[in-house]
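Each chain is listed here by its residues.
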Amino acid sequence: MAGVQTAVQLRAQGWSGPVRLIGAEPHQPYDRPPLSKAVLLGQAESSAFDVDFDDLGIELELGRDVTGLRPEEHLLDTESGPVPYDRLVIATGAEPLTLPGSEGVPGVHLLRTLDDAARLRPVLAGRQSVVVVGAGWIGAEFATAARESGCAVTVVEAAEGPLPGALPAEVTAPMRAWYEQSGAELRTGVAVASVEEGGVLLTDGSRLPADAVVVGIGSRPATRWLEGSGVALDEHGAVLADAHLRASVPDVYAVGDCASFPSARYGRRLLVHHWDNALQGPQAVAANLLAEGYADGTPEARVYDPVPYFWSEQFGRFVQYAGHHLPGDELVRRGDPEGAAWAVCWLREERLTAVLAVGRPRDLAQARKLMQQGTPVERDRLADVSTSLKKAAR
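Keep in mind that what you see is a predicted model, and the values were worked out from it rather than measured. (Residues numbered from 1 in each chain as written. Predicted model: local features only at pLDDT ≥ 70, side-chain atom pairs only at ≥ 80, totals over all residues. Heavy atoms only, no water.)

On to the overall build of the chain, then. Regarding its fold elements, the chain presents 9 helices and 25 strands. In summary, the chain has a C-alpha radius of gyration of 22 Å against a globular reference of 21 Å for 394 residues, a match within 12%. Along the longest, intermediate and shortest principal axes, the C-alpha atoms of the chain span 60 × 60 × 35 Å. Restricting the contact set of the chain to residue pairs at least 6 apart, pairs at least 24 apart contribute 58%. Averaging the coordinates of the 36 positive side-chain charges in the chain and doing the same for the 52 negative ones gives two points 7 Å apart. (Helix = DSSP H or I, 4+ residues; strand = E, 2+ residues; numbered from the N terminus. Rg over C-alpha atoms; globule rule 2.2 N^0.38 Å. Contact = heavy atoms within 4.5 Å. Lys, Arg positive; Asp, Glu negative; His and termini not counted. Charge placed at Lys NZ, Arg CZ, Asp CG, Glu CD.)

Attention now moves to the packing of aromatic side chains. What the rule picks out here adds up to 7 aromatic pairs. Measuring from centroid to centroid gives 6.3 Å for Tyr309 and Trp311, while their planes differ by 25°, and the two rings are stacked. Among the aromatic side chains, those forming a connected cluster through ring pairs are Trp137, Phe310, Tyr321 and Trp346. (Phe/Tyr/Trp six-rings, centres within 6.5 Å; stacked < 30°, edge-to-face > 60°.)

Take the pattern of salt bridges next. For the coordinates displayed, the defined rule picks out 24 salt bridges. With a closest N to O distance of 3.4 Å, Asp251 and Arg87 form a salt bridge. With a gap of 164 residues between them, Asp251 in the loop between strand E17 (239-240) and strand E18 (252-254) and Arg87 in the loop between strand E5 (81-84) and strand E6 (88-90) connect regions that are remote in the sequence. Judged by relative accessible area, Asp251 falls into the partly exposed class, the value being 23%. One continuous salt-bridge network, built from bridges that share partners, spans Arg20, Glu59, Glu61 and Arg64. (Salt bridge = Lys/Arg side-chain N within 4 Å of Asp/Glu carboxyl O. Buried < 20%, exposed > 50% of the residue type's maximum accessible area, 1.4 Å probe, protein only.)

Further remarks concern the sheet that holds strand E20 (residues 268-271). Ordered in space as E17-E19-E20, the 3 strands form an open sheet in which the pairing is mixed. Lying at the two open borders of the sheet, with one neighbouring strand each, are E17 and E20. Bridging between strand E19 (residues 259-263) and E20 involves 4 bridges; their strand directions are antiparallel. Directly across from Phe261, in E20, lies its bridge partner Leu270. (Pairing = 2+ DSSP bridges.)

The structure is reproduced here in structure tokens:
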């Protein structure tokens, strides 16, 4: 998404020079969210972007691995030779984390690419038994699809509840019931000790038999190829971009899952591994690439400081989150978390910092606008589920 949108935005904003889009996968550039839904369930063969690259004059180079970067020479190293550039945008995304010792074990799967989804489709079609390692976003979405297909599903999570690290336990506690209601078993507070063909061994000594094991324990920026390039990386391995999404070396930008950026809105550096970031960031990158051509500084460079947003479809529920909350923020509930639709808001100094909405898309949309505008809100109205969030504004 980030690479394609950068190329499309360059054309949309008036760039007339050559644009090359290089990707390691051999497939036409595609959207990732459908991989855990329609593509995985066999409802679609692919999720290729509806973009006429030829008409836009965008040169695609597919199935080409990038191996290194020499910024002082303006050269990108690939397995088939160096590629010169005037400006470079790094949009290599993220790569899934693997369980140590699971590499090469038959029946162990990841779900990140179109090929991953293709390998998993026969598992669902055959209604095989599945162990999912990790109750994060991707684990929940895969478990949802597997149950819809009639697979026996057990989800194993080392933390005490679902979505650890993403949301507080007091917020995710009601989500445990979603697994049970769908017919999936959720086992928390126990880790995987090892993976073997035909099952997994847990740290409590128990063994879970499985025809397939799906690992969804997170991801890291796909930046290993930048080692030795001089491009500064943060502690997560993400490109250390500035507020304009420029990297630490000249003429190089970074956008999407592979880049972190400073947020004045939240007072910290953010690393956002979600689709909307890969959609919105390229607008700023393209604008800033074009702005470089103006010696007098007109038009001005665009600062990238969004209200992060993502969504997940799991167990028949539409879950949305916007913003960025911190442990010290006040938590305000809207509606009964045991019900079909509810929301949780986070407040700091009378302003919304984040909102989680389950089956309440209007709450999400209105809260996002309040956060973008920095509008103070009244706590009591915020907590009144019968009052629209926009009416909570002071």
